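# Survey of secondary and tertiary structure
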2 protein chains.
Amino acid sequence: MQLSEKYSAQFGLIKRTLWWSLLTIPSSIVTGSFVALLLSSVDRVTSTRLYYPWLLFFLPLAGFITWFLLKRLHEKSDNIILTGIHYADAGVTRKSAGPVFITTLLTHLCGGSAGREDAALQIGGSIGSLFAWLFRLETTLVRVVTSSGIAAAFGAAFGIPVSGALFPLEAVKSGNFPYNALIPCLTASIIGMLTCNFWGIHPTQFQVIFFSKLHPLFAGTFHIAPLLLLKVAGLGVASGLVSCLFFGLAGWIRYYTDKIISLKWLIPIIGGILIIMLYYLLATPDYLGLGVTSAGQQAVSIASAFKAGGAHTWSWWWKLLFAVITLGFGFRGGEIIPLLFIGATLGNVLATLLQVPAELFAAVGFIAVFAGAANTPFTATFIGIELFGGQYVVYYAFACFIAYFFSPVIQSKPGHRFIAIPK
Amino acid sequence: MQLSEKYSAQFGLIKRTLWWSLLTIPSSIVTGSFVALLLSSVDRVTSTRLYYPWLLFFLPLAGFITWFLLKRLHEKSDNIILTGIHYADAGVTRKSAGPVFITTLLTHLCGGSAGREDAALQIGGSIGSLFAWLFRLETTLVRVVTSSGIAAAFGAAFGIPVSGALFPLEAVKSGNFPYNALIPCLTASIIGMLTCNFWGIHPTQFQVIFFSKLHPLFAGTFHIAPLLLLKVAGLGVASGLVSCLFFGLAGWIRYYTDKIISLKWLIPIIGGILIIMLYYLLATPDYLGLGVTSAGQQAVSIASAFKAGGAHTWSWWWKLLFAVITLGFGFRGGEIIPLLFIGATLGNVLATLLQVPAELFAAVGFIAVFAGAANTPFTATFIGIELFGGQYVVYYAFACFIAYFFSPVIQSKPGHRFIAIPK
């Protein structure tokens with residue numbers, strides 16, 4: 001009978017989804033533990049750098065070691081995760097967790113301007129891929145397990161499980177979510193997050209900072225102000241263009257340094273020297289390292305951008321330049337945290353200009369630049385919801401989708417975009 | 001140059017999206033006004049029925065008039081909206097706003113157990129379609145304008161714009177969101193909502209009720225309890241199966257009444273008599289009409305389901321039976337509100353059984369049954385976020401996606417499902 005056939009097909013689907021979800025658990029536990037180690041290690045080396053500021057002078061050397069390690073281990077591209085999801089037989093990913101870990105720590109020890117969560121994602125994808133290889137999984141499953149590894153890492157690194165589950169699915173093919181992979185990915189990101197918490201590592205810094213700061217504003221009932229919506233649209237356009245500028249500049253640096261400089265090991269050394277020069281030019285350490293929280297009262301950071309006057313007019317541009325040089329010249333660590341910094345400070349500055357609350361615009365800029373950069377407006381909207389609450393979701397969604405449209409992919413050469421793929 | 005070509009293509013896309021968004025504004029204003037009229041009219045006829053309880057005896061007559069009107073106007077199917085989105089030349093939709101409006105009021109005047117927001121969606125789709133026909137739009141644009149009409153109606157009827165924008169896109173093709181239609185749909189749902197508010201009609205009943213009730217629970221910081229997550233998964237399974245039962249029963253009633261009863265006008269009369277008999281059997285008016293708020297202290301309603309003890313063990317089943325008879329025997333009004341009632345009461349009962357907070361489970365049941373019934377787990381998650389806040393989004397998403405998988409489409413005959421389409 002037709003009905004019973006429909007049912008048995010559906011039960012097959014449910015059984016498969018359950019099996020996939022169970023399959024992601026071991027790799028998610030390993031990923032969550034690895035991410036906990038990464039987060040605490042980055043925190044430790046950052047403290048070390050703040051204690052011994054002269055470590056910045058070793059940045060060129062760190063660049064050289066990064067280059068040497070990656071060459072030695074035959075690691076070439078930054079966008080290894082997506083390669084791993086797209087082509088099951090790419091085979092590079094399962095070996096890349098180690099090198100990514102070490103080179104990210106090197107960047108942060110010497111003050112390179114980069115992230116750490118992206119390294120976590122790469123490690124997650126790598127571990128997922130490793131498990132897929134160990135269990136001798138078939139092609140479809142390799143994609144599911146690799147995606148769920150990234151989801152586990154995202155959930156662990158940011159503490160926002162739904163965004164974590166959506167990210168690998170949306171990043172691969174914008175707007176087309178394979179619903180049967182969503183439950184395994186959600187399981188993975190929750191397990192990753194719980195594992196990371198188990199080790200005593202709580203990636204709560206964003207939540208705590210923003211919840212307390214935003215509470216007075218975000219406590220009202222749901223309300224749409226048309227004028228505010230237009231201003232948010234403006235921020236969406238600016239965010240899209242800035243994320244485009246980020247990847248455009250990084251791509252150009254990569255392309256031209258590779259073309260002009262024939263001694264490849266010289267490239268990261270020059271990058272390190274440029275960062276040191278910029279540091280002396282601006283006379284501030286605000287744009288080095290992660291920039292999530294700031295040391296002093298006057299310093300600019302992601303946290304400070306959520307207060308009115310917490311960022312200078314050109315803070316977003318300087319962070320962009322520092323990060324683009326760091327990453328474009330071959331350092332590792334990834335671009336997510338720098339992008340969030342750029343978005344939050346851009347939002348802060350535009351908030352003053354357009355006379356709107358700084359915390360709302362910092363939050364919207366924070367997610368909109370991410371949406372434009374990673375081509376993941378849905379995930380970015382969920383990041384806003386999970387970090388800052390659901391009250392202002394209509395502004396989040398509006399800004400993220402506009403940023404997505406105003407950030408065309410500049411990909412004159414493969415490998416120019418770090419995490420994103422063509423629209 | 002390749003880069004400039006990419007840019008000009010992207011600017012073409014942006015221009016088109018902007019043009020589409022502007023195009024949706026007039027139809028959204030008309031839709032928002034129409035929905036305001038519908039909501040206030042249903043409220044008025046419901047008050048009339050509560051004042052004159054004997055109006056229930058006219059339900060068979062109302063059924064006959066409904067049948068006569070729809071036959072006279074050549075309106076056959078319930079799922080006219082989706083036909084309109086799928087086939088631009090279907091051409092039925094633009095005439096159906098009037099009949100849907102009148103027949104929905106008839107159902108509510110005489111105590112039929114149905115919704116009103118679905119009628120709003122049909123009216124929105126119909127008005128969008130009418131505008132597309134007036135402006136002589138091409139095929140792609142007809143789809144965009146029809147979708148945005150539904151979005152405007154959803155935004156206006158429920159006051160939740162992001163869910164409203166997602167619903168028509170997700171309902172047509174699960175998991176595959178055309179991102180370029182999202183900004184026009186979001187514009188439409190915001191305009192629809194603002195228009196409805198302009199006429200003094202605020203669909204805030206859900207928000208006010210739930211916010212106040214849920215506040216103590218939902219005020220905590222983000223936290224995942226693995227045991228609670230498992231219980232939520234159980235509710236997701238139950239919600240999926242119940243939504244499946246709803247459409248299965250409604251479909252069977254339609255199929256067999258149509259097969260057995262040759263005098264078609266007799267079908268709604270029998271349906272009306274069955275509702276009257278059930279009313280006397282249960283001796284409660286709780287399952288008649290909308291059931292959003294309750295008249296007495298002891299009555300069961302969507303609002304009461306958010307309090308511990310606010311629903312009886314079999315409330316969900318009785319509402320299901322009342323709604324399935326009302327809709328299966330040919331009355332109009334739609335199934336969204338009955339489904340929300342069933343979900344909230346089911347959640348309430350399971351909350352007592354599993355010893356969890358009633359308000360959380362009522363909220364999760366509310367959206368999960370909708371997710372399973374409409375095949376729109378994403379939209380349902382956003383409904384949860386926009387109505388109840390973003391704190392518990394991981395539970396919402398988990399339950400909605402599980403419900404989606406446990407609700408296979410039973411479609412032995414076309415037209416059996418009211419709003420949903422095959423997975």
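On a predicted model such as this, the values are computed, not experimentally measured, just so you know.

## Examining the overall build of chain A
Regarding its fold elements, chain A presents 16 helices and zero strands. Buried positions account for 65% of the 423 residues belonging to chain A. A separation threshold of at least 6 residues defines the contact pool for chain A, and within that pool the share at least 24 residues apart is 80%. Accessible surface for chain A amounts to roughly 15,500 Å². Of this, 67% is attributable to carbon and sulfur atoms.

## Observations regarding helix H13 (residues 336-354) of chain A
All names here are of chain A. Its 19 residues give H13 an end-to-end C-alpha distance of 26 Å, which sits within 8% of 27 Å, the value for a rise of 1.5 Å per residue. In terms of burial, H13 is largely enclosed, as 16 of its 19 residues are buried. Gln-355 lies just past H13 and shows a positive phi near 55 degrees.

## Remarks on the environment of Gly-115 of chain A
Residue and element names in this part refer to chain A. Among the secondary structure elements, Gly-115 is positioned in the loop between helix H4 (97-109) and helix H5 (117-134). A C-alpha to C-alpha distance of 5.6 Å links Gly-115 and Glu-335, two positions 220 residues apart in sequence. Each residue touching Gly-115, except ones within four places of it in the same chain, is listed here: Thr-104, His-108, Leu-290, Gly-333, Gly-334, Ile-337 and Pro-338.

## Re the environment of Lys-71 of chain B
Here Lys-71 of chain B lies in helix H2 (residues 59-72). Taking the C-alpha atoms as reference points, Lys-71 of chain B and Trp-265 of chain B, separated by 194 residues in sequence, lie 9.7 Å from one another.

## Quick notes on the pattern of salt bridges
Residue and element names in this part refer to chain B. If you walk through the whole model with that rule in mind, you get four salt bridges over all chains. A salt bridge links Asp-43 to Arg-116; the nearest nitrogen and oxygen atoms lie 3.2 Å apart. You can see Asp-43 sitting in helix H1 (residues 2-51) and its partner Arg-116 sitting in the loop between helix H4 (97-109) and helix H5 (117-134), a full 73 residues away along the chain. Given a relative accessible area of 2%, Arg-116 falls into the buried group. Put simply, Asp-258 and Lys-264 hold a salt bridge, and the shortest N to O gap is 3.6 Å.

## Overview of the confidence of the model for chain A
This prediction gives chain A a mean pLDDT of 81; 83% of its residues lie at or above 70. Segment residues 410-423 of chain A is flagged for pLDDT under 50; beyond a separation of four residues in sequence, or across chains, it makes 51 contacts in the model.

## Quick word on the packing of aromatic side chains
Using the criterion set out here, one finds 56 aromatic pairs over all chains in the structure. Between Trp-252 of chain A and Tyr-256 of chain A the ring centres are 6.4 Å apart and the planes differ by 75 degrees, which places this aromatic pair in the edge-to-face class. With a gap of four residues between them, Trp-252 of chain A and Tyr-256 of chain A both fall in helix H10 (residues 226-260), about one helical turn apart. Given a relative accessible area of 47%, Trp-252 of chain A falls into the partly exposed group. On the basis of relative accessible area, Tyr-256 of chain A is assigned to the partly exposed category, the value being 40%. Between Tyr-52 of chain B and Trp-54 of chain B, the ring centres sit 5.4 Å apart and the planes meet at 45 degrees, which makes this aromatic pair tilted. Classification of Tyr-52 of chain B by relative accessible area gives partly exposed; the value is 36%. In textbook terms, an aromatic cluster arises when at least three aromatic residues are bridged by ring pairs, as seen for Phe-378, Phe-382 and Phe-401 of chain A together with Phe-378, Phe-382 and Phe-401 of chain B. The lysine or arginine in question, Lys-319 of chain A, covers the ring of Phe-341 of chain A, its NZ or CZ lying 4.8 Å from the ring centre.

Each value, and the rule that gives it
- Residue positions are counted from 1 within each chain, in the order its sequence is given.
- Lettering of chains starts at A and numbering of ligands starts at 1, both following the order in which they are written.
- Totals for whole chains, interfaces and linings use all residues, but because this is a predicted model, local features are given only for residues with pLDDT of at least 70 and pairs of side-chain atoms are given and counted only at 80 or more.
- In computing side-chain properties, one takes all heavy atoms of the structure into account and sets aside hydrogens as well as water.
- Only DSSP runs of H or I reaching four residues or more are called helices, and only runs of E reaching two or more are called strands; each is numbered from the N terminus.
- Three exposure classes are used, based on accessible area relative to the maximum for each residue type with a 1.4 Å probe and protein chains only: buried under 20%, partly exposed in between, and exposed over 50%.
- Every residue pair with non-hydrogen atoms within 4.5 Å of one another is taken to be in contact.
- The Shrake-Rupley method, run with a 1.4 Å probe sphere, supplies the accessible areas, and residue values consider only the shown protein chains as cover.
- A helix is expected to span 1.5 Å for every residue after the first.
- One side-chain nitrogen of Lys or Arg within 4 Å of one carboxyl oxygen of Asp or Glu is enough to make a salt bridge.
- Confidence per residue, as judged by the predictor, is encoded in pLDDT with a range of 0 to 100.
- Centres within 6.5 Å make a pair out of two Phe, Tyr or Trp rings, where for Trp the six-membered ring is used; the pair is then stacked when the planes are under 30 degrees apart, edge-to-face when over 60, and tilted otherwise.
- Charge-over-ring placement is defined geometrically: NZ (Lys) or CZ (Arg) within 6 Å of the ring centre, and within 35 degrees of the ring normal.

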